[in-house]
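Single-letter residue listing:
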Amino acid sequence: KPLAKGLDGAAWARIQHAQEFFSISVNVMPTMATGGMAFDCKPAHTTVREMYDYVLDNPDEFPLIRRIENIKATPTWLHFDVVPHNGSGIRVFMP
């Protein structure tokens, strides 16, 4: 089980759902930069682009994800976090 300090049962269930859905290995870690929780992942049975597009097209399936790093900055993996923003859905950001 990856480091999941601070995650409640529902949050952990969402991460497990993502692991099963995308067949990925998820490393959950607190980060100083975000002041919260973030995780990076590499899909095993789909492309990074397919996973990126799916998450952005289906934000209701990932209510805890608030931001995703722009795929142009991280073309071989995905970075998600829970940093709040004004607005709804998942915001794409550049590092």
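These numbers were taken from a predicted model, which means no experiment stands behind them.

Residues of the chain with pLDDT of at least 70 account for 62%, and the chain-wide mean is 75. Mean pLDDT per element in the chain: strand β1 (residues 24-31) is the minimum at 52, and strand β5 (residues 91-93) is the maximum at 94. In this model residues 1-5 is a low-confidence stretch, pLDDT under 50, and it forms 10 contacts with partners more than four residues away in sequence or in other chains.

By the secondary structure assignment, Glu69 is in strand β3 (residues 67-69). Of the side chains with opposite charge, Arg67 comes closest to the buried, unpaired Glu69, at an N-O distance of 6.9 Å. What Glu69 contacts, discounting residues up to four positions off in sequence, is Tyr52, Thr74, His79, Phe93 and Pro95.

Right, let's get into the nonpolar core. Membership of the largest hydrophobic core comes to 13 residues, with the highest contact counts inside it found for Cys41, Val55, Ile65, Ile68, Leu78 and Phe80. Here the element with the most residues in this core is helix α2 (residues 48-57); it accounts for four residues.

Below, the discussion takes up the side chain of His79. With respect to the element layout, His79 can be found in strand β4 (residues 78-81). Only 2.6 Å separates the side chain of His79 from the side chain of Asp40, close enough to count as a polar contact. Excluding anything up to four places from it in sequence, His79 contacts Ala38, Phe39, Asp40, Arg67, Ile68, Glu69 and Phe93.

Moving on to the packing of aromatic side chains. Tallied over the full model, the rule gives one aromatic pair. Here Tyr54 and Phe62 contribute two aromatic rings whose centre-to-centre distance is 6.3 Å and whose plane-to-plane angle is 85°, an arrangement assigned as edge-to-face. A residue is classified by how much of its surface remains accessible, and Tyr54, at 25% relative accessible area, is partly exposed. Taking the relative accessible area as the measure of exposure, Phe62 reaches 6% and is therefore buried.

So, about the environment of Thr76. If you trace the backbone, Thr76 turns up in the loop between β3 and β4. Sequence separation between Thr76 and Val48 is 28 residues; the distance between their C-alpha atoms is 6.4 Å. Filtering out sequence-adjacent residues up to four positions away, Thr76 remains in contact with Lys42 and Val48.

With that settled, consider the environment of Ile71. Along the chain, the position of Ile71 falls in the loop between β3 and β4. Classification of Ile71 by relative accessible area gives buried; the value is 9%. Spatially, the C-alpha atoms of Ile71 and Val92 are 8.8 Å apart, while their sequence positions differ by 21 residues.

Turning next to the pairing of β4. The alternating pattern of β4 places Leu78 and Phe80 on one face and His79 and Asp81 on the opposite face, and all of these are buried. With two bridges joining them, β3 and β4 adopt antiparallel strand pairing. Within β4, the position partnered with Arg67 by the bridge is Asp81.

Each value, and the rule that gives it
- Residues numbered from 1 in each chain as written.
- Predicted model: local features only at pLDDT ≥ 70, side-chain atom pairs only at ≥ 80, totals over all residues.
- Heavy atoms only, no water.
- pLDDT = per-residue confidence, 0-100.
- Helix = DSSP H or I, 4+ residues; strand = E, 2+ residues; numbered from the N terminus.
- Contact = heavy atoms within 4.5 Å.
- Buried < 20%, exposed > 50% of the residue type's maximum accessible area, 1.4 Å probe, protein only.
- Lys, Arg positive; Asp, Glu negative; His and termini not counted.
- Salt bridge = Lys/Arg side-chain N within 4 Å of Asp/Glu carboxyl O.
- Core = buried A, V, L, I, M, F, W, Y, C linked by side-chain atoms within 4.5 Å.
- Polar contact = N/O pair within 3.5 Å; in protein donor to acceptor, adjacent residues only side chain to side chain.
- Phe/Tyr/Trp six-rings, centres within 6.5 Å; stacked < 30°, edge-to-face > 60°.
- Pairing = 2+ DSSP bridges.

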